[in-house]
Protein chains: 6
Amino acid sequence: MYKNLKLISGSVHRELAKSISEKMNIPLTPIRLKKFRDGEIYIKIEESMRGEDVFIIQPTCTPVNDSLMELLIIIDAVRRASAGRINAVIPYFGYARQDRKASSREPITSKLIANILTTAGVNRVVTVDLHADQIQGFFDIPMDHFQGYIMFYDYFKNKNIKNLVAVSPDAGAVKKTRRFAKALNIPLVIIDKRRPEHNEAEILNVIGDVKGKNAIIIDDIIDTGGTIVNAASVLKLKGAKEVYICATHGVLSDGAAEKLKKSVAKEIILTDTIPIPEKKRFRKLKIISIAPLMAEIINRIHHNESLGQLFDLDGCVI
Amino acid sequence: MYKNLKLISGSVHRELAKSISEKMNIPLTPIRLKKFRDGEIYIKIEESMRGEDVFIIQPTCTPVNDSLMELLIIIDAVRRASAGRINAVIPYFGYARQDRKASSREPITSKLIANILTTAGVNRVVTVDLHADQIQGFFDIPMDHFQGYIMFYDYFKNKNIKNLVAVSPDAGAVKKTRRFAKALNIPLVIIDKRRPEHNEAEILNVIGDVKGKNAIIIDDIIDTGGTIVNAASVLKLKGAKEVYICATHGVLSDGAAEKLKKSVAKEIILTDTIPIPEKKRFRKLKIISIAPLMAEIINRIHHNESLGQLFDLDGCVI
Amino acid sequence: MYKNLKLISGSVHRELAKSISEKMNIPLTPIRLKKFRDGEIYIKIEESMRGEDVFIIQPTCTPVNDSLMELLIIIDAVRRASAGRINAVIPYFGYARQDRKASSREPITSKLIANILTTAGVNRVVTVDLHADQIQGFFDIPMDHFQGYIMFYDYFKNKNIKNLVAVSPDAGAVKKTRRFAKALNIPLVIIDKRRPEHNEAEILNVIGDVKGKNAIIIDDIIDTGGTIVNAASVLKLKGAKEVYICATHGVLSDGAAEKLKKSVAKEIILTDTIPIPEKKRFRKLKIISIAPLMAEIINRIHHNESLGQLFDLDGCVI
Amino acid sequence: MYKNLKLISGSVHRELAKSISEKMNIPLTPIRLKKFRDGEIYIKIEESMRGEDVFIIQPTCTPVNDSLMELLIIIDAVRRASAGRINAVIPYFGYARQDRKASSREPITSKLIANILTTAGVNRVVTVDLHADQIQGFFDIPMDHFQGYIMFYDYFKNKNIKNLVAVSPDAGAVKKTRRFAKALNIPLVIIDKRRPEHNEAEILNVIGDVKGKNAIIIDDIIDTGGTIVNAASVLKLKGAKEVYICATHGVLSDGAAEKLKKSVAKEIILTDTIPIPEKKRFRKLKIISIAPLMAEIINRIHHNESLGQLFDLDGCVI
Amino acid sequence: MYKNLKLISGSVHRELAKSISEKMNIPLTPIRLKKFRDGEIYIKIEESMRGEDVFIIQPTCTPVNDSLMELLIIIDAVRRASAGRINAVIPYFGYARQDRKASSREPITSKLIANILTTAGVNRVVTVDLHADQIQGFFDIPMDHFQGYIMFYDYFKNKNIKNLVAVSPDAGAVKKTRRFAKALNIPLVIIDKRRPEHNEAEILNVIGDVKGKNAIIIDDIIDTGGTIVNAASVLKLKGAKEVYICATHGVLSDGAAEKLKKSVAKEIILTDTIPIPEKKRFRKLKIISIAPLMAEIINRIHHNESLGQLFDLDGCVI
Amino acid sequence: MYKNLKLISGSVHRELAKSISEKMNIPLTPIRLKKFRDGEIYIKIEESMRGEDVFIIQPTCTPVNDSLMELLIIIDAVRRASAGRINAVIPYFGYARQDRKASSREPITSKLIANILTTAGVNRVVTVDLHADQIQGFFDIPMDHFQGYIMFYDYFKNKNIKNLVAVSPDAGAVKKTRRFAKALNIPLVIIDKRRPEHNEAEILNVIGDVKGKNAIIIDDIIDTGGTIVNAASVLKLKGAKEVYICATHGVLSDGAAEKLKKSVAKEIILTDTIPIPEKKRFRKLKIISIAPLMAEIINRIHHNESLGQLFDLDGCVI
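Residues numbered from 1 in each chain as written. Chains lettered and ligands numbered in written order. Predicted model: local features only at pLDDT ≥ 70, side-chain atom pairs only at ≥ 80, totals over all residues. Heavy atoms only, no water.

Colleague: How should I be thinking about the overall build of chain A in this particular structure?
Modeller: Looking only at helices and strands, one finds eight helices and 14 strands in chain A. Here the C-alpha coordinates of chain A stretch approximately 60 × 45 × 35 Å along the principal axes. Counting every atom, chain A has about 11,100 Å² of accessible surface; 45% of that belongs to carbon and sulfur. (Helix = DSSP H or I, 4+ residues; strand = E, 2+ residues; numbered from the N terminus. Areas by Shrake-Rupley, 256 points an atom, 1.4 Å probe, with all protein chains shown as cover.)

Colleague: Where do I start with the relation of the copies chain A and chain E in this structure?
Modeller: The second copy of the chain is related to the first by a rotation about an axis and a shift along the axis. Of the transformation superimposing chain A on chain E, the axial component is 0.0 Å and the angular component is 180°, with the fit at an RMSD of 0.0 Å. In short, the pair behaves as if placed about a two-fold rotation axis. (Least-squares fit on C-alpha atoms with pLDDT ≥ 70 in both.)

Colleague: So what exactly am I meant to see when it comes to the relation of the copies chain D and chain B here?
Modeller: The two copies are related by a screw motion: chain D maps onto chain B through a turn of 120° and a shift of 0.0 Å along the axis, at an RMSD of 0.0 Å. Here the copies are linked by what is in effect a three-fold axis. Minimal C-alpha distance to the rotation axis in chain D is attained by G84 of chain D, lying at 7.4 Å.

Colleague: Would you mind showing me how to read the interface of chain D and chain B here?
Modeller: When the parts come together, some accessible area is lost, and that loss is often what is quoted as the size of the interface. Taken residue by residue, the interface counts 12 residues in chain D and six residues in chain B. Roughly 730 Å² is buried in total at the junction of chain D and chain B, and carbon and sulfur atoms are behind 37% of that figure. The largest share of the area that chain D buries against chain B comes from D140, P142 and N304 of chain D, three residues that together contribute 55% of it. Taken together, the links from chain D to chain B amount to two salt bridges. A class-by-class count of the residues in the side of chain D that touches chain B yields four nonpolar, four polar and four charged. (Contact = heavy atoms within 4.5 Å. Buried area = accessible area lost by both parts, 1.4 Å probe. Salt bridge = Lys/Arg side-chain N within 4 Å of Asp/Glu carboxyl O. Nonpolar A, V, L, I, M, F, W, Y, C, P; charged D, E, K, R; others polar.)

Colleague: Where do I start with the environment of Y95 of chain D in this structure?
Modeller: Assignment of secondary structure puts Y95 of chain D in the loop between β5 (85–90) and α3 (109–120). In the structure, Y95 of chain D is positioned 11 residues away from E106 of chain D in sequence and 13 Å away in space, judged by C-alpha atoms.

Colleague: I tried to follow the interface of chain A and chain E on my own but got confused; where do I start?
Modeller: Taken together, the 52 residues of chain A in the interface contact 52 residues of chain E. Between chain A and chain E, the buried area comes to about 4,200 Å², and carbon and sulfur atoms account for 54% of it. The interface formed by chain A and chain E contains two salt bridges. Where D38 of chain A meets R97 of chain E, a salt bridge forms, and the shortest distance between an N and an O atom there is 2.9 Å. Summed over the shared surface of chain A and chain E, the result is 29 residue pairs in polar contact (both at pLDDT 80 or more). Elements that contribute at least two residues to the side of chain A that touches chain E include exactly β3 (41–45), α2 (64–80) and α3 (109–120) of chain A. When residues of the side of chain A that touches chain E are assigned to their parent elements, the largest contribution, 11 residues, is made by α2 of chain A. Tallied by class, residues from the side of chain A that touches chain E come to 22 nonpolar, 13 polar and 17 charged. (Polar contact = N/O pair within 3.5 Å; in protein donor to acceptor, adjacent residues only side chain to side chain.)

Colleague: Honestly, the pairing of strand β13 (residues 267–271) of chain F in this entry has me stumped. Any pointers?
Modeller: Residues and elements named next belong to chain F. Among the five residues in β13, five count as buried, and that is most of the element. Of the two faces of β13, the one carrying E267, I269 and T271 and the one carrying I268 and L270 are both buried. In terms of strand pairing, strand β12 (residues 243–250) meets β13 through four bridges, oriented parallel. Bridge assignment links Y244 to a residue of β13, and that residue is E267. Remark: the β12/helix α7 (residues 256–262)/β13 crossover connection has right-handed handedness. Where β13 meets strand β14 (residues 285–288), four bridges bridge the pair, whose relative direction is parallel. Each bridged residue has a counterpart across the sheet, and for T271 the counterpart in β14 is I288. (Buried < 20%, exposed > 50% of the residue type's maximum accessible area, 1.4 Å probe, protein only. Pairing = 2+ DSSP bridges. Right-handed = clockwise from strand over helix to strand, strands pointing away.)

Colleague: I would appreciate a short explanation of the packing of helix α2 (residues 64–80) of chain D against helix α2 (residues 64–80) of chain F in the present structure.
Modeller: One way to put it is that α2 of chain D packs onto α2 of chain F with a least axis distance of 8 Å and a crossing angle of 90°. Judged on the interaxial angle alone, α2 of chain F and α2 of chain D are roughly perpendicular. Listed contacts from α2 of chain F to N65, D66, L68 and M69 of chain D of α2 of chain D are N65, D66, L68 and M69 of chain F. Class assignment of the residues belonging to the contact of α2 of chain D with α2 of chain F gives a composition of four nonpolar, two polar and two charged. (Axes fitted to C-alpha atoms, helices over the stretch in contact; angles between N-to-C directions. Parallel < 35°, antiparallel > 145°, perpendicular 65-115°, else oblique.)

Colleague: Just checking my understanding: could you explain the sheet that holds strand β8 (residues 164–168) of chain A for this structure?
Modeller: The strands making up a sheet associate through hydrogen bonds between their backbones, and the pairing can be parallel or antiparallel. Residue and element names in this part refer to chain A. Here we have seven strands laid out as an open sheet, ordered β10-β9-β8-β11-β12-β13-β14, and mixed in their pairing. In this open sheet, the two edge strands, each paired with only one partner strand, are β10 (203–207) and β14 (285–288). Between one strand axis and the next, the sheet turns through 25° on average, direction left out of account. Bridge count between strand β12 (residues 243–250) and strand β13 (residues 267–271): three bridges; the pairing is parallel.

Colleague: How should I be thinking about the pattern of salt bridges in this particular structure?
Modeller: If you walk through the whole model with that rule in mind, you get 126 salt bridges over all chains. For R179 of chain A, the salt bridge goes to D133 of chain A, with nearest N and O atoms at 2.4 Å. Taken together, the residues R179 of chain A in helix α5 (residues 174–184) and D133 of chain A in the loop between β6 (124–128) and β7 (143–146) connect sequence positions 46 residues apart. The closest approach of N and O atoms between K262 of chain A and E258 of chain A, which form a salt bridge, is 3.9 Å. Residue K262 of chain A and its partner E258 of chain A are both found in helix α7 (residues 256–262); the two are separated by four residues, about one turn of the helix. Residue K262 of chain A is classed as exposed on the basis of its relative accessible area, which comes to 65%. Through salt bridges with shared partners, a single network forms among D76, R79 and R80 of chain A, K111 of chain E together with D140 of chain F.

Here it is as structure tokens:
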């Protein structure tokens, strides 16, 4: 069925790679991955790459610089080994939030990453729920990308809860939240964090009505969890019945899991674009796996089949 | 004062170029600009370009493809004529709204434009209020960019109207509106356009409170004017006292000027990033010129002086 | 017969694209082509492009900048949609006459076009009768190109007229005319336009003998038609029997059709590399279609068959 | 007067480099140039290049591959030594005649040369009388180029001979000859070499009238000399009074000098873009040096002064 | 004295940067350097970079991937801030040992690093004692590089010890050791590590005579220290009087300092290309600072003065 | 068996190309190769290249600049003729010894060659025994490379001589010699050429023991032969029994063959990476052909089969 398709996993998320490998019924290509004592990464691919259609699975999550360099080095090895086509499957694209200059003399690190991936020799990037859709345009190679909200759409469709509202936890997530709200045909609410006077504390203004509603907060990333947990609290305060928190990428920096666990939210729903270790898991955390969808996407890319037809929702894969 | 600085105007907005030229006290470099009968553009720069720091002023507005090609051809001529540095001053960056794939098999035309400008040989781009900040990252050359809202900030600061709210006419403009709202320290309101059921007409939901408030709608572009004029009406309906419409770029496609003139808005405030012909002007339209600011920016770029120190507001030039 | 070949037509010359499509028995790929009110072009390809060998048919004729930008945007969309190979079929290559700096500080717009086509992502260009053969070298991607005179060769071979001479209407067309003259083994005549003294009118010197001969004027482009119609008149004056005018590309700017119609020429023979609208057609205008030849060329490119063997005449496809 | 200008001569034409150096009153930068026993070239620049405006003088004439490689290697050394700007002064651009595909599966070697010069790191090319003007467009870096005929224009202006005609020795040189004819305001004559029937010998048709005229044959290159010497003979046969032969580049392959010496031409006028050894010189050969003009051009490039103003004739430097 | 020179230190080796800054009497440019909770690096340059000649000091040592990414991000910020020239001063070039494919399907990570530094926008690299000289050729931008042995040459010249031999601890270091041996005019000895039979332990063969000699082992890097400490022991065993260990780069991975301290060597001499923390220092460890030399090199680069004249020894800076 | 594989031979080593062609049972593609009188090379490929996997066989040996330019021009022609993949088989890579800057203001000509080959359009390089392994990293395209010593390994394995030592004739060849020594499990000896005092003659120090041993000197290149012939003599002087000289590339500049013939060596063993004309051959010279191995390598590259499995010895093909 697959004549010359190779799946390679970096060291970051072998669990996801294995799930994909199992769904596709293709073994992971053996690869020697070593860190020298001084921290330098050594790579050796253990099978011929000549003419192969190679998919390298590696989210560039924490430790982000190591993850990224490992990915680049694998790409270099695969390219020099005469691969036919090199596809980087990067479920979580690190540094995506540094996608513009917000003040003078800042870098645009996302673009830097896009450029160095291209320089290293990648021919295609497959990724999930970029912080801004415009990051697609940071690449000139083909990019296959799907919005994270489609993972949550099915989940809530099946749950069949009444009186839902979709809540954007800040101005930045409005577009993403609106897509989800539109798909479920539910109202949109926005939280605007603002410092009323120069020396006062920030307060959260809830723009829109949540009284007696079941609120679903939608974001792409949960990092320290502060913003989103506060958002949940303020929604409750404003009379929301239940609060659900959804985010595609569970970065979950130090203390985030604890905060979420203790939050007023009824459920926290993440995907597995980033590995979530056992110690960060808790009862009300649900993890939806992207592996079945990713396996199908890789399958279609390899066979030159359309991805656009893969989803019911308009425009979810682009 | 300026040893080797040259200002060149394309054919699109000579009025703005002249204003800048007068502010800087530098004549525009003469240039022969001709359209052949078959529509091909011919260019000849009439003064030596050797080693000069050249600023080419051309918004890529309607007729967008002609404006853009003319700019590219001027760049090619200037480059081959051994210019020292080529700066494209593009107050309005056409095709900026095509900045991502919204569905399968669409182009990302903004990125295409960025790439071909770079290929043509430009060394720097100066622009105003990009549709998305991320477009900065479409370039790898230095880009000087300022947010449009700073033009309106001073205007309303001086007007000293009470009870203001800033209104984003749709989900896409929330970030821009929020910056303005934050600068003036006024509340944020959002309009969410949605079709309640498949076959019903779209309705505008006003998220947030406008009753008895003076509403300022903020957007980057007014094109056909439909969305923003309807937004003004619905705000009035929801009890707003006065409605002001602000937009950086007055594209004003057919009929837009008429719609704005007839709208419920008390004032429409635009800048002159795009030429606004006499016939599209009307009594309640105010046009704030960017020429003084642009002249100062060109001056600082040429003398390697910081732009970051140019504004009171944080992060307005990046 | 064609496993993964796609034909796409831009908006410029659907008639030619349809003829090619019919000859090849392959439907044109549906594509959404829209111009927004402000003149920006929007494109969406309506069928999967993954791994396809795509041929985009678009002469870059009047309105040249729109035609070119549309082509670039289609290429961008096709590339981002993971096409296998992108071939631009550009029967008429606009701006080809701006192929060198004739005086200081001019652009070389043909090279600029070549560069931006390559930047956009095209892998091959197929074109007809470039203004100068050297434009081939403006590209580093493969280019398939055939001389226009072979279209006229067959025409006159069949007509079997006696006493023919081939006439170059100016110094620039001598090489092209000479190829035609050599193929038919007929004498060469050249017209040299010169202003005898600074303030006098230009006169046409006929270099070579046309008395009693049937003259065929050969050029690549008829634009305003002035030069070539005057050439026909002067030939008659010098005693030519009949005058035929041949040109590959019928640009036919304003008034050209009228001029040609009224000219002393017995026949005007063009090809359909550029669409010639009904209102520009007249009785003594013959249009030879390139569609059969282009269909065969596309067929051979797709199947990796030699083009060199396609023609009887030496060196006509290169 | 020259703060940071360096002149470097390759091994090919030190005589010209020395003349330029003397005119400019700048010593040639010492450079170690060595050929190893196996033919590999070794280079070492003997003075600091840091930040310098470096002009490397090297025509890429016979032995063309050695001349070119030496130039490339000097450029590489200069670039790695942190030069400020690298200008290649290539009075004769070898391989210029291979500027297009004349039949299938030929290279376009001129473009290859342009590409590898750019890759090696050159920032500007200065050259004389390219075989086709379009070769300018093979480069995207600035190129300063002047037509060869201006050297002959002054020569014949001063000679003040009556009844002149300018003769193009074949169809390829018509454009060059026409410029010269136009500048002197004299008639144009063209020679068309053709084989009347397949098995017959080629004959030369003189198109235009030379009877009793003094004919000046104009070409860019004299290589084997065959064509041009035959052209001179046929002109005499057709009644020309005196025949002068002018060519910018005296390639003078084996036997050419002898042929020219014995020819019917009264004078042969060349420039020194290529070194002409003593043994190839003869009484009726005149050599006009480009050194004064080249020195002035280098001077102006270095000081960012216009070259366009250097000449009386329109468009002679482009 | 320095008009537009800026020194920036990354977070890796501020001590060296400060020493250089003091020697040059130029303050370090303030820079905000932050690691987010998830490990992403954030950078903001706190002073204008426009037109500046910027030197960024950052060895890419442990943690190598963080050091490198930080350097790349600083470069990106500096480039987008319109710096005039960007010089990366990388005293220790991480991943230098991965400079070739030693077996199939390995990467060449050093080249990858060179490529991505160039992509990020660096204009020059300054570095010390590359593992292989050929790494210079991995870059096409100018590179200033000096051999580490010159640091030890002065040291031993002054010590004035008799009966010295220079020892290469393995086949890879022979060239470096030979340069040192030649400079001091002392004999060369080589240690060849080999496994006599397949299952036996590796043994060290000392090729050359060390009996009664004072041996100086020369290497570029001490990483785990195993090889070099064993080399010292075997030299003692073979009758060496005193053993000195010299290495340019003190990587000193876990346990290396301890091993060196306990070794038979009389002295271990390193430079400070890599920061050596207090806890890894011990009595018989000498550290020679490169700061004075580096300050002078930066000074000369900035002023376009020759580096070749900086050293007594031939070829030590290239 | 080979569907779309083409073998092309340049003019340099048709004998090797023919051997490979015979082993593979594929005819060489006819190609017109001409040198014009002035030394310019003309090429025309005589068969269609469309979509073909093309292997061009050309060592870039003496006359090195001609060999290289011819190769580049063939590549250009093949690329413009729409080849599918272009593989340059360069058994001897000229200029490989110029792989680093040994002193200021030298070029790195090997890198220049790598860059211009890539610019010309080559997709892969196949080569043998590069002077330094790091040259692999000068390319970013895939490179297949094998060490020369494996050719000699089999030879000596079969000869079964006792008491062997492997001798590196200078410090530069130690790594290569060590690989051979390790493969045969024999001791390593090194010769260090040094000038004892400034004005004295160079002397050769033999480091290691050769008394009564059969010595095999290993190097990659024999150019003038001086070093290696002197090495043989000194080994004899130090008591070696027999001396064998092995080198992969027989450059054999003027006089080298004579020197080798007269040397004390019992046998000189070369490969045929470079053509060795009859007049340079002598009785004790053995030439081992690389044709069988190269044929197998081309076969495997074409069929996307692993090269790593081709050899018994570790790491011999990389």
